[in-house]
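Fold and contact review
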Amino acid sequence: ELVDAVPESEPKSLATSWDEATQDFRDAPWKEFTRSKAVWAMLSTHCAKNWGLYNYLAWTPIFYSEQYGISFRDSAWLSVLPSVAGVAGGFIAGSIADSIIRNLKENDEQAIANVRKLFQGMSQYGPAAAFAALAWHIPEDPKVAQAYLMVAIGLMAFGAAGNEVSIQEKAGERWVGLLYSVTSLPAVMVGTFGVYITGQLLDYTHQDWSYVFGLNAFVYVLGATAFVAWYDSYCCFD
């Protein structure tokens, strides 16, 4: 016996998709976004993260070259372990945070917010401590500097259980993409600006990397403090 095939839904045209997207943009709760301390917390911590991350990606090979006379090619090997630490940090943080949340009372949003604050705090206060140590004293051995950066990047990945998922909990299904964009675009601009500021700072201080690491530590403390102080996970935009 023949069974009628279920007709596939027709793909939306580009014009239809654009109209729906612009309508969602107009319908977005912009006033609620701007008045929410939690949104400002997520924006602040995202900007701080990008400041440090973009500087690490852009300037680390130059740091190894100027401080230790290591070629760009050889400095790439010194960047491998911090990157591996970042991957491991994300898996560890996500697994631990999920385990903690599974054991919480259902819909205990305050407890969930505390978990997010804990992991986001570790993801920025921890790197800030590593950057501060480098600012206090640039080690003579490049492998020691690499160890500090491994700690920084490994802990930075703990944000996978902090701000990276907090937007989903705060915004709900409808606005999560838009809210992530709202915090991501300024963060990209801040991260890019941070790369420029680092170059200017190096020129001004005659290539003194202590100031660079000290500024990174300061920015990370600001971002973490804003998140810990202002974030809550109550979904109020869905």
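Our subject in this report is the structure included herewith. (Residues numbered from 1 in each chain as written. Predicted model: local features only at pLDDT ≥ 70, side-chain atom pairs only at ≥ 80, totals over all residues. Heavy atoms only, no water.)

On to the overall build of the protein. Scanning the protein for helices and strands turns up 9 helices and 0 strands. N-terminal to C-terminal, the α/β element order of the protein is α-α-α-α-α-α-α-α-α. Of all 238 residues assigned to the protein, the portion counted as buried reaches 42%. In the protein, the proportion of contacts linking residues at least 24 apart, taken out of those at least 6 apart, comes to 81%. (Helix = DSSP H or I, 4+ residues; strand = E, 2+ residues; numbered from the N terminus. Buried < 20%, exposed > 50% of the residue type's maximum accessible area, 1.4 Å probe, protein only. Contact = heavy atoms within 4.5 Å.)

Quick look at the packing of helix H5 (residues 80-102) against helix H7 (residues 142-156) now. Two quantities define a packed helix pair, namely the angle between the helix axes and the distance between the axes. The geometry of H5 relative to H7 is characterised by a closest axis approach of 7 Å and an angle of 25° between their N-to-C directions. Our classification of the angle between H5 and H7 gives roughly parallel. The way H5 lies across H7 gives a crossing that is right-handed. Where H5 approaches H7, its residues Leu81, Pro82, Ala85, Gly86 and Gly89 are matched on the opposing element by Gln146, Leu149, Met150, Ile153 and Gly154. Residues belonging to the contact of H5 with H7 are distributed by class as follows: 6 nonpolar, 4 polar and no charged. (Axes fitted to C-alpha atoms, helices over the stretch in contact; angles between N-to-C directions. Parallel < 35°, antiparallel > 145°, perpendicular 65-115°, else oblique. Left-handed = near helix turned anticlockwise from the far one by under 90°. Nonpolar A, V, L, I, M, F, W, Y, C, P; charged D, E, K, R; others polar.)

The next thing to look at is the nonpolar core. With 25 residues, the main nonpolar core has Phe63, Tyr64, Tyr68, Phe131, Leu149, Trp209 and Phe213 as its most contacted residues. Counting only elements with at least two residues in this core, the list comes to helix H3 (37-68), helix H6 (109-136), H7, helix H8 (163-204) and helix H9 (209-230). Among all residues touching Leu149, those that are not within four sequence positions of it are Tyr56, Thr60, Tyr64, Pro82, Phe131, Leu134 and Phe213. By size, the runner-up hydrophobic cluster in this structure holds 14 residues, among which are Ala28, Met42, Ala113 and Leu179. (Core = buried A, V, L, I, M, F, W, Y, C linked by side-chain atoms within 4.5 Å.)

Side chains of Trp77, Val80, Leu81 and Val84 sit close together on the surface and give an oily, nonpolar patch of about 420 Å² of accessible area. Examining the composition of the nonpolar patch, we find that 3 residues originate from one element, H5, more than from any other. Checked against the element boundaries, Leu81 lands in helix H5. Residue Leu81 is classed as partly exposed on the basis of its relative accessible area of 40%. (Patch = residues over 30% accessible without salt bridge, like charges linked within 9 Å, V, L, I, M, F, W, Y side chains within 5 Å. Areas by Shrake-Rupley, 256 points an atom, 1.4 Å probe, with all protein chains shown as cover. Salt bridge = Lys/Arg side-chain N within 4 Å of Asp/Glu carboxyl O.)

Here a ring pair, both rings aromatic, is described through the centre-centre distance and the interplanar angle of the planes. Tallied over the entire structure, the rule returns 12 aromatic pairs. With a centroid separation of 5.8 Å and 80° between ring planes, the pair formed by Phe131 and Tyr220 is classed as edge-to-face. Here Phe131 is found in helix H6, whereas its partner Tyr220 is found in helix H9, with 89 residues between them in sequence. The buried category is assigned to Phe131, whose relative accessible area is 3%. (Phe/Tyr/Trp six-rings, centres within 6.5 Å; stacked < 30°, edge-to-face > 60°.)

Another point: the environment of Gly223. Examined against the element boundaries, Gly223 turns out to sit in helix H9. The sequence separation of Gly223 and Ser44 amounts to 179 residues, and the corresponding C-alpha distance is 5.3 Å. For Gly223, the contacting residues outside a window of four places in its chain are Ser44, Thr45, Ala48 and Gln124.

What follows is about the layout of surface pockets. In this structure, the largest pocket occupies an estimated 210 Å³ of space. Breaking the lining of the largest pocket down by element, the ones donating at least two residues are H3, H5 and H7. Broken down by element, the residue count for the lining of the largest pocket peaks at 4 residues, all from H3. Tallied by class, residues from the lining of the largest pocket come to 7 nonpolar, 3 polar and 2 charged. (1 Å grid on protein atoms, 1.4 Å probe; cavity = no way out; pocket = protein on both sides within 12 Å on 5 of 7 lines; lining within 4 Å. Points joined across faces, edges and corners; volume = space filled by probe spheres on them.)

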